[in-house]
Amino acid sequence: MSEAEQDVPVITIDGPTASGKGTITRLLAQRLGWHILDSGALYRLVALAARKHGIPLNDAEALRDLAEHLDVEFVPDAASGEILTLLEGEDVTAELRTETCGNDASKVAAIPAVREALLARQRAFRRPPGLVADGRDMGTVVFPDARLKIFLTASAEERARRRYNQLKQKGLDVSMRDLLDEIAERDARDRDRAASPLVPAADAIQVDTSDMTIDDVVNRLWELSQERL
Ligand code: DC
């Protein structure tokens, strides 16, 4: 890492699926005026590219090649201002957020060569004035020198309830029972894998958001960031 990169402050926000990392990261970054890294999106993109190219989700070598050469662009939509994700020129913004894609991502993310191939791409998001990075191993592996490391948790039931409301709002028909099972399965896969498992960094601050509103969490992280920066 160059000295210039090291000078750029990073806040890492790790935690299990549906712990609210994405929303919290976006709001905190907005308040700080910093950049965002949604590292889960990169694993989702590898999984999506694999499906498009008919590559099995256990073919480590082909998946590493895909991860190394991912042709992806993030472009603002002229009409809504929303950031669109283009994979090989195709808008995959909505497809990327599906449960199927998240589950596939969790499978490709267990492959060490895929994680290694995505490292430099993730670190390249570190640009002035600062970066808020969201994922599972941001504080442990990708940005071990981060100024502030947060590990967000919430009970599996609360996370399932939040995901349920999110999907319902989008008009999708889902069962709470299925969501709870999927969350438990994904937690186990992310936590028990050998490569960069989901564990809090030794110097991470754990924040249990089960009984907190989004505003409470953002305010708490904002206070912590002001103490550390
Ligand atoms: O945060 P998300 O749901 O978009 O992540 C999708 C999957 O990608 C998740 O189940 C595990 C994996 N992932 C990872 O292994 N490491 C990261 N830094 C981010 C995501």
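A few words now on helix H2 (residues 21–32). Along its 12 residues, H2 runs 16 Å from first to last C-alpha, staying within 8% of the 16 Å computed at 1.5 Å per residue. The complete set of buried residues in H2 reads Lys-21, Ile-24, Thr-25, Leu-28, Ala-29 and Leu-32. Buried residues along H2 cover an arc of 125° about the axis, so they all sit on one side. In this structure, the buried residues of H2 make contact with strand S1 (10–14), strand S2 (35–38), strand S6 (131–135), strand S7 (148–153) and helix H11 (214–228). At the exit of H2 stands Gly-33, carrying a positive phi of roughly 75°.

Counted under the stated rule, the structure contains 18 salt bridges. Asp-104 is paired through a salt bridge with Arg-51; the nearest N and O atoms lie 2.6 Å apart. You can see Asp-104 sitting in helix H6 (residues 99–108) and its partner Arg-51 sitting in helix H3 (residues 39–52), a full 53 residues away along the chain. The exposure class of Arg-51 is exposed, given its relative accessible area of 52%. For the salt bridge of Glu-90 with Lys-52, the shortest nitrogen-to-oxygen distance reads 3.6 Å. One end of the pair, Glu-90, is in strand S5 (residues 90–91); the other, Lys-52, is in helix H3, with 38 residues separating them in the sequence. Assessed through its relative accessible area of 40%, Glu-90 is described here as partly exposed. A residue is classified by how much of its surface remains accessible, and Lys-52, at 35% relative accessible area, is partly exposed. In this structure, a network of salt bridges that share partners links the residues Lys-52, Glu-90 and Glu-95.

Reading across from one edge, S3-S4-S5 is the order of the 3 strands in this open sheet, with antiparallel pairing throughout. The sheet is open, and its two borders are formed by strand S3 (72–76) and S5, each paired with just one other strand. Taken together, the 5 bridges between S3 and strand S4 (residues 83–87) define a ladder with antiparallel strand orientation. When the sheet's bridge partners are listed, Pro-76 is paired in S4 with Ile-83. In the packing of H3 onto the sheet, contacts are made with S3, S4 and S5, and the angle to S4 comes to roughly 40°.

Where H6 meets helix H10 (residues 176–192), the closest approach of the two axes is 10 Å, and the angle between their N-to-C directions is 20°. Between H6 and H10, the interaxial angle falls into the category roughly parallel. Of the two elements, H6 crosses H10, and the hand of that crossing is left-handed. Two secondary-structure elements touch here, H6 through Glu-99, Gly-102, Asn-103, Ser-106 and Lys-107 and H10 through Leu-179, Glu-182, Arg-186, Arg-189 and Asp-190.

Another aspect to go through is unusual backbone geometry. Pro-128 connects to Pro-129 through a cis peptide bond whose omega is 5°. Residue placement: Pro-129 occurs in the loop between helix H7 (112–123) and S6. For Ala-18, which is not a glycine, the phi torsion comes out positive at approximately 60°. Looking at where Ala-18 falls in the secondary structure, it is placed in the loop between S1 and H2. Of note in this structure, Glu-88 is not a glycine but carries a positive phi near 50°. Positionally, Glu-88 belongs in the loop between S4 and S5. Here Glu-88 falls in the partly exposed class, since its relative accessible area comes to 40%.

About the cut-offs
- Residues numbered from 1 in each chain as written.
- Predicted model: local features only at pLDDT ≥ 70, side-chain atom pairs only at ≥ 80, totals over all residues.
- Heavy atoms only, no water.
- Helix = DSSP H or I, 4+ residues; strand = E, 2+ residues; numbered from the N terminus.
- Expected span 1.5 Å × (residues − 1).
- Buried < 20%, exposed > 50% of the residue type's maximum accessible area, 1.4 Å probe, protein only.
- Arc of directions from axis to C-beta.
- Contact = heavy atoms within 4.5 Å.
- Salt bridge = Lys/Arg side-chain N within 4 Å of Asp/Glu carboxyl O.
- Pairing = 2+ DSSP bridges.
- Axes fitted to C-alpha atoms, helices over the stretch in contact; angles between N-to-C directions.
- Parallel < 35°, antiparallel > 145°, perpendicular 65-115°, else oblique.
- Left-handed = near helix turned anticlockwise from the far one by under 90°.

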